[in-house]
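Structure assessment
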Amino acid sequence: MAGYSVGAYGTWYQNEASRLGAYADTWLQYGWFNNSVEGDKLPPVNYNAHGWAVSGELGYAFPLINEWVFEPQAQLLYVDYHQNSLTEPNGTQVDGASSSGAIARLGLRLQRTFEHSAGKKMQFYATANWWHTSTGSTISFDQVQVSSLYPSNRYEAKLGLNGDLGKNWSAWSNVSGAWGAQSYHAYAYVVRLGLKYGW
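A brief report on the enclosed structure follows. (Residues numbered from 1 in each chain as written. Predicted model: local features only at pLDDT ≥ 70, side-chain atom pairs only at ≥ 80, totals over all residues. Heavy atoms only, no water.)

**Looking at the overall build of the chain**
Helix and strand counts for the chain stand at 0 helices and 12 strands. The order of α-helices and β-strands along the chain, N terminus first, is β-β-β-β-β-β-β-β-β-β-β-β. The buried share of the chain, reckoned over its 199 residues, is 29%. As presented, the chain carries roughly 13,000 Å² of accessible surface, and 59% of it is formed by carbon and sulfur atoms. (Helix = DSSP H or I, 4+ residues; strand = E, 2+ residues; numbered from the N terminus. Buried < 20%, exposed > 50% of the residue type's maximum accessible area, 1.4 Å probe, protein only. Areas by Shrake-Rupley, 256 points an atom, 1.4 Å probe, with all protein chains shown as cover.)

Spelled out as structure tokens, the structure:
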């Protein structure tokens with residue numbers, strides 16, 4: 001799969017210096033993708049897809065003892081995704097999958113920022129989220145419709161660490177898990193690592 005996306009975002013803080021108090025965050029993103037699917041012992045078939053999403057988030061950061069910060073959050077997203085129909089070499093007709101609707105998140109975040117050397121900071125955080133989705137998705141194989149396998153309510157826990165490396169470089173890492181009804185579980189105990197350069 002290859003794809004491209006463009007977007008815009010903005011964040012407002014009640015107190016820009018301390019990042020305490022209220023904040024509001026919003027972003028908009030549009031993407032288009034060139035995909036490929038390959039059935040068992042079949043040559044690949046290419047198809048295109050596109051989608052967009054918009055998000056609004058509100059939160060309030062409360063100072064606790066020893067410089068810990070507690071932050072309740074609420075987020076509302078709307079997503080809209082469409083992909084073209086395709087026909088596999090064996091004649092199976094796969095009608096274009098689509099997914100659209102609202103996604104809501106209520107979350108709690110606990111964090112603390114440490115200064116590990118002159119001008120360099122490190123932030124530890126833990127989050128817990130409840131996700132609720134009303135998105136509908138449709139895909140059919142030879143007119144036999146397959147419904148979404150994801151539950152409407154999902155729960156997520158995450159531990160993470162962000163740090164300054166100097167010379168405009170920073171690094172981040174987190175481990176997370178998600179659970180839901182019908183024995184649903186996804187990316188349980190997945191570890192993510194990343195580097196970022198700012199200019």
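So, next bit.
**As for the side chain of Glu57**
In this structure, Glu57 sits in strand 3 (residues 45–63). Residues in contact with Glu57, not counting those within four places in the same chain, are Tyr23, Ala24, Asp25, Gln73, Ala74, Gln75 and Arg105. (Contact = heavy atoms within 4.5 Å.)

**A look at the packing of aromatic side chains**
Across all of its chains, the model carries 7 aromatic pairs by this definition. An angle of 35 degrees between the planes, with centres 5.6 Å apart, marks the rings of Trp52 and Tyr78 as tilted. Note that Trp52 is positioned in strand 3 and Tyr78 in strand 4 (residues 68–83), a separation of 26 residues in sequence. Classification of Trp52 by relative accessible area gives partly exposed; the value is 35%. Overall, Tyr78 belongs to the partly exposed group, its relative accessible area being 34%. For the pair Trp169 and Tyr197, a centre-to-centre distance of 5.0 Å together with 55 degrees between the ring planes defines the contact as tilted. Of this pair, Trp169 sits in strand 11 (residues 169–180) while Tyr197 sits in strand 12 (residues 184–197), and the two are 28 residues apart along the sequence. Look at Trp169 and you get partly exposed, because its relative accessible area is 40%. What links up through ring pairs into an aromatic cluster is the set Tyr4, Tyr30 and Trp32. (Phe/Tyr/Trp six-rings, centres within 6.5 Å; stacked < 30°, edge-to-face > 60°.)

**Examining a nonpolar patch on the surface**
A surface patch of nonpolar side chains, about 740 Å² in accessible area, is lined by Tyr4, Val6, Leu28, Tyr30, Trp32, Trp52, Val54 and Tyr78. Sorting the residues of the nonpolar patch by element identifies strand 1 (2–13), strand 2 (21–37) and strand 3 as the ones contributing at least two each. With 3 residues, the single largest contributor to the nonpolar patch is strand 2. Positionally, Trp32 belongs in strand 2. Classification of Trp32 as partly exposed rests on a relative accessible area of 36%. (Patch = residues over 30% accessible without salt bridge, like charges linked within 9 Å, V, L, I, M, F, W, Y side chains within 5 Å. Salt bridge = Lys/Arg side-chain N within 4 Å of Asp/Glu carboxyl O.)

**Some details on the environment of Arg192**
If you trace the backbone, Arg192 turns up in strand 12. In sequence terms Arg192 and Asn174 are 18 residues apart; their C-alpha atoms lie 5.4 Å from each other.

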